[in-house]
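Residue-level structural notes
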Amino acid sequence: MNTFSLKLIYPLTGAALLASCGKNKPAEPARPLNIVYIMTDDHTRQMMSCYDDRHVETPNLDRIAEKGVRFTNAYVANSISAPSRACLLTGKHSHKNGKIDNRSPFDGSQQTVQQLLKEAGYQTAMIGKWHLDSQPTNFDHWEILPGQGSYYNPDFITPEGRKQYEGYVTNIITDMGINWLEEERSREQPFVLFLHHKVAHRNWMADTTHLPLYEDKTFELPANFYDNYEGRIAAQQQEMRIASDHDMDLVNDLKMIHPDVETRLSDAYIHGEYARLDPEQKAAWDAHYHPIIDAFYAADLTGDELAEWKYQRYMRDYAKTIQSLDENIGRLLDYLEANDMLENTVIFYTSDQGFYMGEHGWFDKRFMYEESFSTPLVMQLPSSFKKRGDVDLLVQNIDFAPTMLALAGVEIPEDIQGESLLPLLRDKKAPKNWRKSLYYHYYEYPAEHAVKRHYGVKTERYKLIHFYNDIDTWELYDLHNDPTEMNNLYGKEGYREITGELRQELQRLQQYYDDPIREEIPI
Ligand code: SGN
Ligand code: CA
């Protein structure tokens, strides 16, 4: 299809401004808005300087927020990769799109945002981490990493088959995105480009050029790094502690490879990601790590000293991968700017979920606690959008699909469960009657990291969580008084009324979203 479908109602072109751009290339013709949706893996707000300036500088990611909006209350519906991606593509909670955990199949024949956009005349492209097992559907162009993908010399799957690329994954995904924009897309149609990075997924391998960074920095230890999980039974039973050598592996996760040391995951590292390095990359890698490895084994650390050493190494490795991400985001933004595309393109930047950077002593995600339930969300907007700065309303990743449809002027099907964010972007004033609570449901148990199944409700101030399956426990938090969720108030004196209200709200949401696993509370 090379003409726009009549379904498009051209709500927000902003394209007239383009005519005056006096660059070498002709300005883009008037058309509906393009969408560039950038999503990283496991990138959390604590590691993005427009949200938190303690740990890293991310000037290019921050540029997106500066030229648009920063959402301060953006959350996911199910804090794990593949389910989160399915929520994005369908605008529905996990129980409706069927992708409840990383293992269940994703039915690509169901209604998706790329299908609806394609039917409306958009060109659709998907590049990077896909993770939905089934083959991408309704993309005009796709190049995806198999499964989690690799940091170095990664393989990609395309409709033409599998191919290996030389180099570092973040550079390659960015090159592919820019190449598609420059060489392959048709200039006759609007487009949606999904650019999904692999960083900053475990085991946090930096680009060799960034290995020296952050080595002199001592990262601030979270105040609850030594949490003892009192009053929180599911938190006591997880397996994602930095201090635990079972959970955070010295070789695979922290690269402390040694001929005499065998760990749970050392083989996975030695024959996996480490084996993928080519001789030049391996030489740079070893030159960097050997002195650190020698010093580490010579020091023979134990107890808290070892835990804090692991925390510092984890933070450094993660931060280095974010440096590469930020530089590559800068490269993409520069391309869009140099090609006069910013006035008719909306840019999303988000992650598939948040992550723990030592809070509660953890890495990984999954829990409905703030660090992993929340996700960064910033959007760069053409000047025709009036909203700038912070949006503090409660938004969720099921809102992304309807937002894209609204941006394209495509009718939002009734069965989509998310809300379009467009009213939050179009005007300076926030809309009245926006949702006051969010629903969450996590299913992947039993599984790695041993986070129990749970569902819950969050309001601006409170959070109520029910852990179920082989456990039956409730947690209640007052986020105003206890933002780091250390004090479970469930069942404590003085909280009966608010607990009752939240249980009713939880039940209302489960009925509204039609979740078959739900509370039946007599009202
Ligand atoms: C892998 C990781 C886990 C991680 C899951 C899910 N282990 O299994 O630590 O929780 O992915 O991550 S690893 O040793 O193989 O790295 S997700 O973001 O894809 O959902
Ligand atoms: Ca993830």
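Keep in mind that this is a model prediction, so the values were computed, not measured.

1. Some points on helix 8 (residues 279-299)
If you check helix 8, its first and last C-alpha atoms are 29 Å apart, about what 21 residues at 1.5 Å a residue would give, namely 30 Å. Most pronounced at Y289, the bend in helix 8 amounts to some 35 degrees, and the proline P291 follows within four residues. When we look at burial in helix 8, the residues that qualify are Q281, W285, D286, H288, Y289, I292, I293 and F296. Where helix 8 is buried, its residues touch helix 7 (266-270) and helix 9 (303-338). Positioned one or two residues after helix 8, D300 has a phi angle of 50 degrees, which is positive.

2. Let's talk about the coordination of the calcium ion (ligand 2)
Protein-derived coordination of the calcium ion (ligand 2) comes from D41 (OD), D42 (OD), D352 (OD), D352 (OD) and Q353 (OE1), at a distance range of 2.2 to 2.7 Å. Seen from the calcium ion (ligand 2), its six donor atoms lie at angles of 51 to 172 degrees, and the figure they make is irregular.

3. Side note on the site of ligand 1
Close to ligand 1 lie 18 residues, the nearest being Q148, R202, D364, R366 and H449. Here an oxygen atom of ligand 1 and a side-chain polar atom of H201 are 3.0 Å apart. One of the side-chain N or O atoms of H449 is found 2.7 Å from an oxygen atom in ligand 1. Across the complex, the protein chains shield 82% of the 460 Å² of accessible surface that ligand 1 would expose by itself. Here the residues of the shell around ligand 1 sort into one nonpolar, eight polar and nine charged.

4. What about helix 11 (residues 400-408)?
The element helix 11 is extensively covered by neighbouring structure, given that nine of its nine residues are classed as buried. Those residues of helix 11 that fall on the buried side of the exposure criterion are F400, A401, P402, T403, M404, L405, A406, L407 and A408. Phi for G409, located one or two positions after helix 11, is positive at around 75 degrees.

What counts, and where the lines are drawn
- Residues numbered from 1 in each chain as written.
- Chains lettered and ligands numbered in written order.
- Predicted model: local features only at pLDDT ≥ 70, side-chain atom pairs only at ≥ 80, totals over all residues.
- Heavy atoms only, no water.
- Helix = DSSP H or I, 4+ residues; strand = E, 2+ residues; numbered from the N terminus.
- Expected span 1.5 Å × (residues − 1).
- Bend = angle between axes of the 7 residues up to and from the residue.
- Buried < 20%, exposed > 50% of the residue type's maximum accessible area, 1.4 Å probe, protein only.
- Contact = heavy atoms within 4.5 Å.
- Donors = N, O, S within 2.8 Å, 3.2 Å for Na, K, Ca; no water.
- Tetrahedral: all angles 85-135°; square planar, octahedral: opposite > 155°, others 65-115°.
- Near = heavy atom within 4 Å.
- Polar contact = N/O pair within 3.5 Å; in protein donor to acceptor, adjacent residues only side chain to side chain.
- Areas by Shrake-Rupley, 256 points an atom, 1.4 Å probe, with all protein chains shown as cover.
- Nonpolar A, V, L, I, M, F, W, Y, C, P; charged D, E, K, R; others polar.

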